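Summary of structural features
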Amino acid sequence: MSIITNINKAFDHRIRLGIMSVLMVNEYADFKMLKELLGATDGNLASHTKALEKVEYIKIEKQFIGKKPNTRYYVTALGKAEFKKHINALEKLINKS
Amino acid sequence: MDSKDYLKDISEIKNMMNKSSRFISLSGLSGILAGIYALIGAYIAYYLVVTYSNGVLILDGWVFRYCLLTLFTVALASIVTGIILTTKKAKKQNANVWDATSKRLVVNFIIPLLVGGLYIIIILSQGKYGQSGGLMLIFYGLALVNASKYSIGDIKYLGYAELILGLIGSWKPGYSFWLWIIGFGILHIIYGAWMHFKYDSA
């Protein structure tokens, strides 16, 4: 029972898993980098990052590099912990069957 | 969702973590070629020194300048080969050659190498020739160990091997030439072949 509850609904999508995976091993990622890595469209990626920001798993920082706007994404401590729990739950489910 | 999907999720997570933080398109073949260039270069240098310099390398003779030229040619040829073959491999894998991961790899590889190179030039200008052979291997080894965090992790084993050779070289400077042949020639060929069969042919 407890294993099932650790499967986090917030990560239940390929793009969201991807965003979290990238941010776990990088200090930050910008929009373009995520887009290239995940092969997502602008709108699709924006909606998933917003969803992850809403539950405070990632932090979004907007700034300017020269005159170009640049958006950086960081994983929060909460996001890190939740994602680890999610991975552990996945692994346990795989080992069980 | 059955366990197959979970398995797919996990492999997707691992794949994305690697892809976003490591540049893995390095070509094994370029390692083999770099090793061969080094062996050819070493043969030329050895021939020059034995034939025209009685087996002793004097620092401001023409033989030394030709040896230096050989060294630079080998280094340049290795770098150019590496860039060409890596670009080819990256294209084949549909990866970007010049992205955040490869930039990070190059920066982390070059910093120990650049500092080491400058340091060696400084001690050479102070007349401390004996240590330079070992030091080049040591700094190259450190550069590899540092770079391995941003590329195929196995590179660190090549780095450790170069470090050991470098330490032997600073302990017994007389063997530097042979340690170079092992470090820059033979080890590159072995390592390149290993990488080629492990990653490229698959």
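Residues numbered from 1 in each chain as written. Chains lettered and ligands numbered in written order. Predicted model: local features only at pLDDT ≥ 70, side-chain atom pairs only at ≥ 80, totals over all residues.

1. Side note on helix H3 (residues 62-92) of chain B
Residues and elements named next belong to chain B.
- Here H3 contains 31 residues, and its C-alpha end-to-end distance of 45 Å stays within 8% of the 45 Å for a straight helix at 1.5 Å per residue.
- Here H3 has its buried residues at Cys67, Val74, Ser78, Leu85, Lys89 and Ala90.
- A positive backbone phi angle near 60 degrees is found at Asn94, which sits one or two residues after H3. (Helix = DSSP H or I, 4+ residues; strand = E, 2+ residues; numbered from the N terminus. Expected span 1.5 Å × (residues − 1). Buried ≥ 20, exposed ≤ 12 C-beta atoms within 10 Å, placed from the backbone.)

2. Examining the pairing of strand E3 (residues 68-75) of chain A
Residues and elements named next belong to chain A.
- Where strand E1 (residues 29-30) and E3 come together, 2 bridges link them in antiparallel fashion. By the bridge assignment for E3, Ala29 is matched with Tyr73.
- Judged from the 8 bridges that link them, strand E2 (residues 58-65) and E3 form a sheet pairing that is antiparallel. Of the residues in E3, the one forming a bridge with Glu61 is Arg72.
- Where E2 folds back on E3, the antiparallel hairpin that results is connected by 2 residues, among which Gly66 adopts a positive phi of roughly 65 degrees. (Pairing = 2+ DSSP bridges.)

3. Notes on the interface of chain B and chain A
- Each partner contributes residues to the interface: chain B has 13 residues there, and chain A has 16 residues.
- Top contributing element to the side of chain B that touches chain A by residue count: helix H1 (residues 3-21) of chain B, with 12 residues.
- Residues belonging to the side of chain B that touches chain A are distributed by class as follows: 7 nonpolar, 3 polar and 3 charged. (Contact = placed C-beta atoms within 7 Å. Nonpolar A, V, L, I, M, F, W, Y, C, P; charged D, E, K, R; others polar.)

4. Quick notes on the sheet that holds E1 of chain A
Residues and elements named next belong to chain A.
- Read from one edge to the other, the open sheet built from 3 strands follows the order E1-E3-E2, with strand pairing classed as antiparallel. Each end of this open sheet is capped by a strand with a single partner; those strands are E1 and E2.
- Against the sheet, helix H2 (residues 14-25) touches E1, E2 and E3, its axis set at about 85 degrees to E3. (Axes fitted to C-alpha atoms, helices over the stretch in contact; angles between N-to-C directions.)

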